[in-house]
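Residue-level structural notes
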Amino acid sequence: MNKLYIGNLSDSVSPVDLESIFNDSKIPYTGSFLVKAGYAFVDCPDENWAMKAIETLSGKVEVHGKLIEVEHSVPKRQRSRKIQIRNIPPHLQWELTVDLYCGPLSLGTQVVFIPCWKVLDSVLAQYGSVENCEQVNTDTETAVVNVTYSCKEQARLAIEKLNGFQLEGYTLKVAYIPDELADLPMPHSPVMPTRRGYGHRGPQRQGSPGGAAGQNHQNDIPLRMLVPTQFVGAIIGKEGATIRNITKQTQSKIDIHRKENAGASEKPITIHASPEGCSTACKIIMEIMQKEAQDTKFTDEIPLKILAHNNFVGRLIGKEGRNLKKIEQDTDTKITISPCWLRLQELTLYNPERTITVKGSIETCGKAEEEIMKKIRESYESDLSAMNVSSEILELQAHLLPGLNLNALGLFPASTSGIPSPSTLGVPSAAAATNYLPYGQQAETETVHLFIPAMAVGAIIGKMGQHIKQLSRFAGASIKIAPPETPDAKERMVIITGPPEAQFKAQGRIYGKLKEENFFGPKEEVKLEAHIKVPSYAAGRVIGKGGKTVNELQNLTSAEVVVPRDQIPDENDEVIVKITGHFYACQLAQRKIQEILAQVKRQQQMQQQKNANAAAAAAAAAAAASAAAATGGGGGASATVPGPSGQPQSRRK
């Protein structure tokens, strides 16, 4: 977090001006200032100097008559759920009531005053569910905290509402900070909100059930460890060689959260793998720490420390501590579990993980880890089996994005119970992608024309076309960039062809890439124009009587929806609908319009079926009449006619 964004610059600002500002403030920087239209970037030697620059310069120094803004520069892919709040009043404190335990026995409650912010707690809660909140050590008089919300929309809303908010006479300053869990390569699915210490696993491994009903969810729970900070370098190895060997050997994904809890004596490690892979990786890491301790003459005992969600700890302990005692006896280890209130330095009001400390040899600790995680996974499975989420997914699909398979995309967690969601595991299998489609049919292929800045074409294509090929594979869509209409065209058209899920993925990545590559400013929302074609006879349904439908669309989606007048239908008798807005607004508008078209199509099919039935009935009646006429011309038939008295009588023809 040592890269800075400098905003609110006039067009006349040069690198020399910024160098002078930093030199006058005695703030060192590395490299040169990268100045663009209205903003600039620069690197500081470390995070502390970056924080010093933010506190000293942001909103306090004028350059060419404008107060500059200085904040952390966060790539789009890491701009997710984590924010930093600065200039917090130093006199606030947080009152916390904690439960005291001695093993499984309750000792009552106690009120603890944490040097934090009770008032801030209620302010943060207005914008969503806070997973973690930790104080950052600075030399400023006011306080700084890093906050992690449960999803990026909540973080975005908090930044929008809290930046400049007056709290006890102090003006809060809020900005994004990097979210390492969000920094995933292209083949992975979009990072989704996870709950209470369980991160994103990435895509499912080969041979996994991929979303089938009744699948085994044991791989959903990662192994989370705490390791001494001084051993992190040895675990990573020179240029990452050691950690790469571990991941390759155990077929795992390992995240070492080095930037979390700056200055802490321990760092968390998250291992995503099969239960066997997690156990093997754990033993290897313990062996590396043991060797490093011997080489550095580190004499303290190095226990195995496992982080587990508080929801599972009670079942791990068991009634009267029986489960834990059995694991200790079977593995010849000593196991202790920290009560929540011991981790006050990490503000455990938002950190519901407990530390399980296992003491013994590497071999016995490894056995204990297997038994502990087995019990935790069983608890997780038990919780999952009690949940019925199909109706929730269907309801979200029907009301938010009609026709889009949210379950296949993994956009929403399967529950809000605090249990890690299976739907956040990555791109699902083809079998899962066919679930929950309306009317029991496969999704139809759609074509969307998305307009991007002409200067961004190179970034979307990538070197030798690698990025656009990778994007096409990831989304499962055909993606082509049309030639420019004129030599000086400022926009280029991206033609995306695929089902709704593919459209969502492809367009989402393009929006993200434009933001990541700074084609839009850090505080500027990416808004693009998309064109979809609709049958000319259905255009009136999109507009509605007196423009009612299109106005409702715009109010609902926050996108601008326009059906240009006096359009001449193309060779397929179709006209264009223009949609302009940020990603989710544009997606929602596209889906709502497709829903209208589907209704029109169904009504047409019903009318055609009705007409066909009527034609068939008329044809049958005509055939019957012809048959009757043909039979009557044979001379042997009789007809009933009224007699003189009005009574019927038979007469031979």
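To keep things clear, this report deals only with the structure shown in the data block. (Residues numbered from 1 in each chain as written. Predicted model: local features only at pLDDT ≥ 70, side-chain atom pairs only at ≥ 80, totals over all residues. Heavy atoms only, no water.)

Quick look at the sheet that holds strand 21 (residues 446-453)
One open sheet holds the six strands; their spatial order is 22-23-21-24-26-25, and the pairing between them is antiparallel. Unpaired on one side and paired on the other, strand 22 (478-481) and strand 25 (560-562) mark the two borders of the sheet. Along the sheet, successive strands turn relative to each other by an average axial angle of 20°, direction set aside. Pairing between strand 22 and strand 23 (residues 491-498): four bridges, direction antiparallel. Within the sheet, the bridge partner assigned to S478 lies in strand 23 and is T497. (Pairing = 2+ DSSP bridges. Helix = DSSP H or I, 4+ residues; strand = E, 2+ residues; numbered from the N terminus. Axes fitted to C-alpha atoms, helices over the stretch in contact; angles between N-to-C directions.)

Things to note about the environment of F165
Structurally, the position occupied by F165 is in the loop between helix 4 (152-162) and strand 12 (166-167). Residues within four places of F165 in sequence aside, it is in contact with V123, Y170, T171 and L172. (Contact = heavy atoms within 4.5 Å.)

Section: the side chain of Q590
Its location among the elements puts Q590 in helix 19 (residues 583-632). In this structure Q590 touches V448, Q507, A530 and I579, once residues within four positions along its chain are discounted.

Some words on the pairing of strand 16 (residues 253-256)
Side-chain alternation along strand 16 places K253 and D255 on one buried face and I254 and I256 on a second face that is also buried. For strand 16 and strand 17 (residues 266-272), the ladder comprises four bridges, and the chain directions are antiparallel. Its bridge partner being in strand 17, K253 is matched across the sheet by H272. (Buried < 20%, exposed > 50% of the residue type's maximum accessible area, 1.4 Å probe, protein only.)

Remarks on helix 18 (residues 548-557)
V550, L553 and T557 are the residues of helix 18 that are buried. Viewed along the axis of helix 18, the buried residues span an arc of 55°, placing them on a single side of the element. Turned more than 90 degrees off the buried face of helix 18, the exposed positions are K548 and N555. Directly beyond the C-terminal end of helix 18, a positive phi value near 65° is found at S558. (Arc of directions from axis to C-beta.)

Things to note about the nonpolar core
Grouped together as the largest cluster of nonpolar side chains are 46 residues, with contacts concentrated most on I510, L514 and I593. The contacts of I510, once residues within four sequence positions are left out, are L450, I452, I460, L471, V494 and I496. (Core = buried A, V, L, I, M, F, W, Y, C linked by side-chain atoms within 4.5 Å.)

Regarding the pattern of salt bridges
Where charged atoms from two side chains of opposite charge come close, those side chains can pair. On inspection of all chains with the given rule, the structure shows 13 salt bridges. Ionic pairing is found between D295 and K291, a salt bridge with its closest N-O pair at 3.1 Å. Here K291 and D295 lie together in helix 7 (residues 275-295), a separation of four residues that amounts to about one turn. Given the relative accessible area of 48%, D295 is considered partly exposed. For the salt bridge of K533 with D570, the shortest nitrogen-to-oxygen distance reads 3.2 Å. (Salt bridge = Lys/Arg side-chain N within 4 Å of Asp/Glu carboxyl O.)

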